Amino acid sequence: MTEPILSVRDVHKAFGALKASDGISLDLMPGEIHALIGPNGAGKSTLIKQIAGGLTPDRGTVHFEGREISGDTVYERARLGLGRTFQISALAMQFTVLENVVLGLVGESGSVFRFFRPVMKDPAYLERAHHALKRVGLQDHAQTKTAELSHGQRRQLEVAVALTLEPKAFLMDEPMAGLGAEGSKALTGFLRELKAEAPILLVEHDMDAVFALADRISVLVYGKIIATGSVAEIRANPEVRAAYLGDEEVEA
Amino acid sequence: MLRETHLNGIILLALLIVPLVALALNEPFIITLATKVTILALAGVGLNLALGQGGLISFGHAIFFGLGGYSMGILASHAQSFTPLMEAPFLIEGTNLMPVIWIVAIVVSCLAALLVGLLSLRTSGVYFIMVTLAFGQMFYYFAISWPAYGGEDGLVIFVRNEFPGLNTLVPIQFFGLCFAVLCAVLFFVSKLNKSAFGLALSGAHFNPERAETVGIDITRVRLVAFVISAGITGLAGALFADLNRFVSPTMFSWHTSGQIMIFIILGGVARLYGPIAGAAVYIILEHYLGAFSEYWQIYLGLILLFVVLFAQGGLIGGLSKREAAHD
Ligand SMILES: Nc1ncnc2c1ncn2[C@@H]1O[C@H](COP(=O)(O)OP(=O)(O)OP(=O)(O)O)[C@@H](O)[C@H]1O
Ligand SMILES: [Mg+2]
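From a predicted model like this one, the values you see are computed outputs, not experimental measurements.

### Overview of the coordination of the magnesium ion (ligand 2)
All names here are of chain A.
So, step 1. Around the magnesium ion (ligand 2), the protein contributes the donor atoms Ser 45 (OG) and Gln 87 (OE1), which lie 2.0 to 2.1 Å from the metal centre. Residue Ser 45 is found in helix 1 (residues 44–52), and its partner Gln 87 is found in the loop between strand 6 (82–85) and helix 3 (97–109); the two are separated by 42 residues along the sequence.
So, step 2. Judged by relative accessible area, which is 32%, Gln 87 ranks as partly exposed.

Shown next, in the form of structure tokens:
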């Protein structure tokens, strides 16, 4: 059997009395899109933060490519090849779009301590940056101030920056949120291509996108994974229908 | 409106022309004032790298200004009295050579910044301000209570230190030297701002989470920026001591930190040439308003209040079009 790229084992995290992660175990296999769904406040973003770093589990481990990363910092995990997009865009708003992407390249290439070469004139960086922008459809906005981007464009930029890291796995927290029907459809197509490059752990509320993309789905409710399976299995699972899909048009 | 680069050119040119005109008019005191502006601007350029570019509000940069000053004072006082600083385990003698003094000032300041930075950069926001302030006060009281080098009274150096090929006691020559140092540092910092390091430093300032997520160790980036920033301010301290031929614990006091910060706020936070404009305005106010009223700082306070409330780009921001930091 192939080894998982990312493996979460029995992760617990409590905020006071609230168990945001209540013994979560989950794998991300090579080549797959593993969707993580669940109602608001289920603990999806909390889990992503514990995988990406920045939030330490009370208990449990995270392994990446067979190596325990539970004690590593955010930047160490990024350098190992974990690419992340945020539910609420985390970009340097004062930067241009291009600068945000080049910042990603600087981090990826580990060339932070270069003091003299003008980074925004480096042809190697610019070429890669423009390529990443083109892939997400932001090629015409390279010189736009990030603060002036629409909500949807910021989501695209988040993905472009994650691409620059050439990660071995993507963690995407609701990349479709606020994109609109058109945007979601475009991004769905893009993610389907992207999974050939690296597997994606995809947190998403957009069920059309999830059902169209996911190889496997895990359902998180109150900090617990109540089911994991293929799209068909999850759609048919009575427990899931009751807890989460209950009111939705499951036959969509 | 002017482009920022043009305004910068005008500011630098004005700083060069004023003392030249003063020389022609035989007004040596004006040359000394311009030298003071140049040196204080240099201290501000140093702090601005940490504060403006890096968002590290250090209230402890007087430490480095003071260490630069005392590097000069201690080395020159030993040269003056022909007594070595130390004989065992190896001989260290004083010197009155500026290049040597500058190197010592920079190295000492950088080492102190490494220590202060390692301890203070764990904190952020108000805590960072308080920790750097506390370190500053420690150095201040240490300088006061250390009798070997003048204690509270400070140290007087009778003859200005030497620079090969120049007569540093001639005001215009000393000005020229300081101006050249300032230009060299401006060139260095402008390169730095546009480099990968500069991008990472502002990235860590604008959105630390983003910078970490792309694999940047933001604490290390900040530490390096803090150290470089301290080295520049330390160099300014050595020059300032040479300008006055005097060092005292005041150089370490939090007033000094505040003053350097005021140059930056007046001129424009994160604007490379901001501290020059800020220091010039400050010295002009101090000199001309100060002659007219003892309470000139009230006017300074009002101006600062105006800048903070209505013109956050400071003088440079008010007089020029905003340009992207990394174009
Ligand atoms: N730092 C924190 N301190 C206290 N409580 C927190 C913290 N972070 C999250 N929570 C709580 O933990 C629970 C899970 O939050 P989380 O953001 O992980 O949910 P989510 O599944 O991502 O929801 P959504 O779909 O709305 O994004 C929520 O009840 C939230 O209020
Ligand atoms: Mg969430």
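Now that the structure has been shown, we can carry on.
### Re the interface of chain A and chain B
So, step 1. Taken together, the contacts link 33 residues of chain A with 28 residues of chain B.
So, step 2. Between chain A and chain B, the buried area comes to about 2800 Å², and carbon and sulfur atoms account for 70% of it.
So, step 3. If you sort the residues of chain A by the area they bury against chain B, Tyr 75, Leu 103 and Phe 115 of chain A come out on top, with a joint share of 22%.
So, step 4. Here Arg 210 of chain B and Glu 158 of chain A are joined by a salt bridge, their closest N and O atoms 3.3 Å apart.
So, step 5. Where chain A touches chain B, the interface holds nine residue pairs in polar contact (both at pLDDT 80 or more).
So, step 6. When contributions to the side of chain A that touches chain B are tallied by element, the ones reaching two or more residues are helix 2 (74–80), helix 3 and helix 5 (151–164) of chain A.
So, step 7. The element best represented in the side of chain A that touches chain B is helix 3 of chain A, accounting for eight residues.

### Examining the site of ligand 1
Residue and element names in this part refer to chain A.
So, step 1. Contacts to ligand 1 come from 13 residues, most closely from Asn 40, Lys 44, Ser 45, Thr 46 and Gln 87.
So, step 2. Here an oxygen atom of ligand 1 sits 2.9 Å away from a polar atom, N or O, in the main chain of Gly 43.
So, step 3. In the environment of ligand 1, an oxygen atom lies 3.5 Å from a nitrogen or oxygen atom belonging to the side chain of Glu 174.
So, step 4. Contributing elements (two or more residues each) for the shell around ligand 1: strand 2 (18–28) and helix 1.
So, step 5. Counting residues per element, the shell around ligand 1 draws most heavily on helix 1, which supplies three residues.

### Notes on the domain arrangement of chain A
All names here are of chain A.
So, step 1. Per the domain assignment, the segments of chain A are domain 1 (1–81 + 167–252) and domain 2 (92–165).
So, step 2. Each of domain 1 and domain 2 has a C-alpha centre, and the two are 26 Å apart.
So, step 3. Between domain 1 and domain 2, the contact holds 14 residues from the first and 13 residues from the second.
So, step 4. For the domain 1 and domain 2 pair, buried surface summed over both sides reaches about 1000 Å², with 59% attributable to carbon and sulfur atoms.
So, step 5. Broken down residue by residue, the surface that domain 1 buries against domain 2 is led by Arg 79, Pro 167 and Phe 190, which jointly contribute 41%.
So, step 6. Between domain 1 and domain 2 we count one salt bridge in total.
So, step 7. Across the salt bridge formed by Glu 197 and Arg 135, the nearest N and O atoms sit 2.6 Å from each other.
So, step 8. Taken together, the connections running from domain 1 to domain 2 amount to five residue pairs in polar contact (both at pLDDT 80 or more).
So, step 9. Taken together, the elements giving at least two residues each to the side of domain 1 that touches domain 2 come down to strand 7 (169–173) and helix 6 (180–194).
So, step 10. By residue class, the composition of the side of domain 1 that touches domain 2 is nine nonpolar, one polar and four charged.

### A closer look at the pairing of strand 7 of chain A
Residue and element names in this part refer to chain A.
So, step 1. Among the five residues that make up strand 7, five are buried, leaving the element largely enclosed by the rest of the structure.
So, step 2. Alternating positions in strand 7 separate into two faces, Ala 169, Leu 171 and Asp 173 on one and Phe 170 and Met 172 on the other, with burial throughout.
So, step 3. One ladder, built from four bridges, connects strand 6 with strand 7; its direction is parallel. Counted as the bridge partner of Leu 82 is Ala 169 from strand 7.
So, step 4. When strand 7 meets strand 8 (residues 200–203), the two strands line up parallel, connected through four bridges. Its bridge partner lying in strand 8, Leu 171 is registered against Leu 201.

### Topic: helix 5 of chain A
Think of an α-helix as turning once every 3.6 residues; residues three or four places apart then point the same way.
So, step 1. The end-to-end C-alpha separation of helix 5 of chain A is 21 Å, in line with the 20 Å expected for 14 residues at 1.5 Å each.
So, step 2. Burial runs high along helix 5 of chain A: eleven of the 14 residues are buried.
So, step 3. Within helix 5 of chain A the residues assigned to the buried category are Gly 152, Gln 153, Arg 155, Leu 157, Glu 158, Val 159, Ala 160, Val 161, Ala 162, Leu 163 and Thr 164 of chain A.
So, step 4. Looking at the buried side of helix 5 of chain A, the elements it contacts are strand 6, helix 3, helix 4 (123–136), strand 7 and helix 6 of chain A together with helix 8 (208–213) of chain B.
So, step 5. Following helix 5 of chain A by one or two positions, Glu 166 of chain A has its phi on the positive side, about 40 degrees.

### Details of the sheet that holds strand 2 of chain A
Residue and element names in this part refer to chain A.
So, step 1. Read from one edge of the open sheet, four strands run 2-1-4-5, paired in antiparallel fashion. Edge positions in the sheet fall to strand 2 and strand 5 (67–68), since each of these pairs with one other strand and no more.
So, step 2. Pairing of strand 1 (residues 6–15) with strand 4 (residues 59–64) involves five bridges; the strand directions are antiparallel. By the bridge assignment, Arg 9 is partnered in strand 4 with Thr 61.
So, step 3. Against the sheet, helix 1 touches strand 1, strand 2 and strand 4, its axis set at about 120 degrees to strand 1.

### Details of a nonpolar patch on the surface
Residue and element names in this part refer to chain B.
So, step 1. Judged by side-chain polarity, Phe 292, Tyr 295, Ile 298, Tyr 299, Leu 302, Leu 305, Phe 306, Leu 309 and Phe 310 come together as a nonpolar surface patch covering roughly 1100 Å² of accessible area.
So, step 2. With seven residues, helix 12 (residues 296–310) is the largest single contributor of residues to the nonpolar patch.
So, step 3. Judged by its relative accessible area of 49%, Phe 306 falls in the partly exposed class.

### Observations concerning the packing of aromatic side chains
So, step 1. Summed over all chains, the structure comprises 19 aromatic pairs over all chains.
So, step 2. Arranged with centres 4.8 Å apart and planes meeting at 50 degrees, the rings of Phe 115 of chain A and Phe 197 of chain B form a pair that is tilted. Note that Phe 115 of chain A is positioned in the loop between helix 3 and helix 4 and Phe 197 of chain B in helix 7 (residues 196–206), a pairing that runs across two chains.
So, step 3. Judged by relative accessible area, Phe 115 of chain A falls into the partly exposed class, the value being 22%.
So, step 4. Ring plane angle 80 degrees and centroid distance 5.4 Å describe the contact between Tyr 282 of chain B and Trp 296 of chain B, whose orientation is recorded as edge-to-face. Within this pair, whereas Tyr 282 of chain B is found in helix 11 (residues 274–292), its partner Trp 296 of chain B is found in helix 12, the two being separated by 14 residues in sequence.

Thresholds, definitions, all that
- Residues numbered from 1 in each chain as written.
- Chains lettered and ligands numbered in written order.
- Predicted model: local features only at pLDDT ≥ 70, side-chain atom pairs only at ≥ 80, totals over all residues.
- Heavy atoms only, no water.
- Donors = N, O, S within 2.8 Å, 3.2 Å for Na, K, Ca; no water.
- Helix = DSSP H or I, 4+ residues; strand = E, 2+ residues; numbered from the N terminus.
- Buried < 20%, exposed > 50% of the residue type's maximum accessible area, 1.4 Å probe, protein only.
- Contact = heavy atoms within 4.5 Å.
- Buried area = accessible area lost by both parts, 1.4 Å probe.
- Salt bridge = Lys/Arg side-chain N within 4 Å of Asp/Glu carboxyl O.
- Polar contact = N/O pair within 3.5 Å; in protein donor to acceptor, adjacent residues only side chain to side chain.
- Near = heavy atom within 4 Å.
- Domains from an automatic or database assignment.
- Nonpolar A, V, L, I, M, F, W, Y, C, P; charged D, E, K, R; others polar.
- Pairing = 2+ DSSP bridges.
- Expected span 1.5 Å × (residues − 1).
- Axes fitted to C-alpha atoms, helices over the stretch in contact; angles between N-to-C directions.
- Patch = residues over 30% accessible without salt bridge, like charges linked within 9 Å, V, L, I, M, F, W, Y side chains within 5 Å.
- Areas by Shrake-Rupley, 256 points an atom, 1.4 Å probe, with all protein chains shown as cover.
- Phe/Tyr/Trp six-rings, centres within 6.5 Å; stacked < 30°, edge-to-face > 60°.

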